[in-house]
Amino acid sequence: MRSDLKITPPFFEIGPKAYAWGGDIVRLARRADEWSAVYGVQVIVTPQYVDIPAVAQSVERLLVFAQHMDALAPGRGVGSVLPEALAAAGAVGVLLNHVERRLSRAELERTVARADEVGLATMVCADDVADAVAIAALAPHVIIVEAPELIAGGVRDAGSAAAVAAANDAIRQVDPAVRVLHGAGINGPRDVYDVTAAGAQGAGSSSAIFTADDPAAMLEAMIAAMRDAWDTTHEAENAATHA
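Let me sum up the structure you'll find in this document. (Residues numbered from 1 in each chain as written. Predicted model: local features only at pLDDT ≥ 70, side-chain atom pairs only at ≥ 80, totals over all residues. Heavy atoms only, no water.)

With that settled, the discussion passes to the overall build of the protein. The secondary structure content of the protein amounts to nine helices and eight strands. Its C-alpha radius of gyration of 17 Å places the protein within 12% of the 18 Å reference for a compact globule of 243 residues. In terms of principal-axis extent, the alpha carbons of the protein reach across some 60 × 40 × 35 Å. Buried residues in the protein amount to 51% of all 243 residues. Carbon and sulfur atoms make up 53% of the accessible area of the protein, which totals about 10700 Å². Computed over 18 positive and 31 negative side-chain charges, the separation of the two mean positions in the protein equals 5 Å. (Helix = DSSP H or I, 4+ residues; strand = E, 2+ residues; numbered from the N terminus. Rg over C-alpha atoms; globule rule 2.2 N^0.38 Å. Buried < 20%, exposed > 50% of the residue type's maximum accessible area, 1.4 Å probe, protein only. Areas by Shrake-Rupley, 256 points an atom, 1.4 Å probe, with all protein chains shown as cover. Lys, Arg positive; Asp, Glu negative; His and termini not counted. Charge placed at Lys NZ, Arg CZ, Asp CG, Glu CD.)

The following block contains the structure:
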C-alpha cells in the first residue's frame, strides 16, 4: 500500500517544530495553501501532531506530514506515535530521522516499511552525501539533505552549490525517483534562490520563518524566490539544450 503521492518540483517544506501551534499554524497553513496556487510551488507542512487534523481540514493543496512516527503496530505503546493514527488524523506523509529525532538504521528501515504499509509518504533526513546514498536504498519519497551544523541559523558558504550538486547526483544514481530537498542554513529568500539555482528540487525552513518579525511575509518571499529560481534555472537549461 505504498503511497503514490506525487512530490512535484519545485516544492517547499515548512517546519514549525515547536515554534507554532493551534490557530497560528492553521492561519499560516491557509496562507501557504494560497501561495502554493499563486506561485505554482508544492508546499509541505509538518505541524505538531495535535494540529494535524485542524491543518488538514483547512487546506486544499498543502501536503500535511507528521514530524515523526514510531514503527509499532496497533496495541501497546503508551506515548508512541502510531502510523495508522497519523493517517486517520489527515497526514499524508511523515518526516523521519531528523537530527532531533534520530533513528538507528534498523529502526529507520522498520519505520519506512510501516509508513509504506499504511500509505504514508516518507521524507527522510540525511546529514551528508554518504548518509543520503544509504537512505536512498530505502526508496523514500523525499530525502532532506541538511548538515547538522547549519540547522537553526547556520550560514551557507561558497561550497554549498557544489555540495547540492554532489548530493543530487549520488542520490539519483541509487534511485532517480527520489526527490531531493536541501535544507539547513536557509535563512531567507536568497538562500532559497541559491539552493534552487544550484539544483535543489525542494528547500525548506523552520527558524528563519517562525522567528521573523512577520512569518507570513518571510514564507511568501521564500516561496516566490523558489519559483523565480526554478524558472530562471530551467529556462536557461532549456535554452542551452535547444541552442
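What follows picks up the thread again.
Further remarks concern the pattern of salt bridges. Going through the model one piece at a time under the given rule, you end up with 12 salt bridges. With a closest N to O distance of 3.9 Å, Glu-34 and Arg-31 form a salt bridge. Of the two residues, Glu-34 and Arg-31 both sit in helix α1 (residues 22–39), three residues apart, roughly one turn of that helix. One salt bridge in this structure joins Arg-102 and Asp-127, with 2.7 Å as the shortest N-O distance. With Arg-102 in the loop between β4 (93–96) and α4 (105–118) and Asp-127 in the loop between β5 (121–126) and α5 (129–136), this residue pair connects regions lying 25 residues apart in the sequence. Ionic contacts of the salt-bridge type, sharing partners, join the residues Asp-33, Glu-60 and Arg-61 into one network. (Salt bridge = Lys/Arg side-chain N within 4 Å of Asp/Glu carboxyl O.)

This part covers the sheet that holds strand β7 (residues 179–182). Pairing is parallel in the closed barrel, where eight strands are placed in the order β1-β2-β3-β4-β5-β6-β7-β8. The average undirected angle you get between the axes of adjacent strands in this sheet is 25°. Pairing of β4 with β5, which is carried by four bridges, proceeds in the parallel orientation. Considered in β5, the bridge of Leu-95 is made with Met-123. (Pairing = 2+ DSSP bridges. Axes fitted to C-alpha atoms, helices over the stretch in contact; angles between N-to-C directions.)

Taken as a whole and judged by the stated rule, the model has one aromatic pair. Summarising the aromatic geometry, the rings of Tyr-19 and Phe-210 are spaced 6.2 Å apart at their centres and angled 5° between planes, so their arrangement reads as stacked. Separated by 191 residues along the polypeptide, Tyr-19 in the loop between β1 (11–14) and α1 and Phe-210 in helix α8 (residues 207–210) bring together distant segments of the chain. Residue classification places Phe-210 among the buried positions, given a relative accessible area of 14%. (Phe/Tyr/Trp six-rings, centres within 6.5 Å; stacked < 30°, edge-to-face > 60°.)

Below, the discussion takes up the pairing of β4. Side chains on a regular strand alternate between the two faces of the sheet. Where burial is concerned, the two faces of β4 agree: the one with Gly-93 and Leu-95 and the one with Val-94 and Leu-96 are both buried. In this sheet, β4 lies alongside strand β3 (residues 63–66) in parallel orientation, the contact comprising two bridges. What sits directly across from Ala-66, in β4, is Val-94. The β-α-β motif built from β4, the intervening α4 and the parallel element β5 has right-handed crossover chirality. (Right-handed = clockwise from strand over helix to strand, strands pointing away.)

What follows concerns the pairing of strand β2 (residues 42–45). Residues Gln-42 and Ile-44 line one face of β2 and the alternating positions Val-43 and Val-45 line the opposite face, and both faces are buried. Relative to β2, β1 runs parallel, the two being bridged by four bridges. Note on β2: the bridge partner recorded for Phe-12 is Val-43. For the crossover that starts at β1, traverses α1 and ends in the parallel β2, the hand is right-handed. Relative to β3, β2 is paired through two bridges, and the arrangement is parallel.

As far as function goes, none of this settles anything; it's purely spatial.
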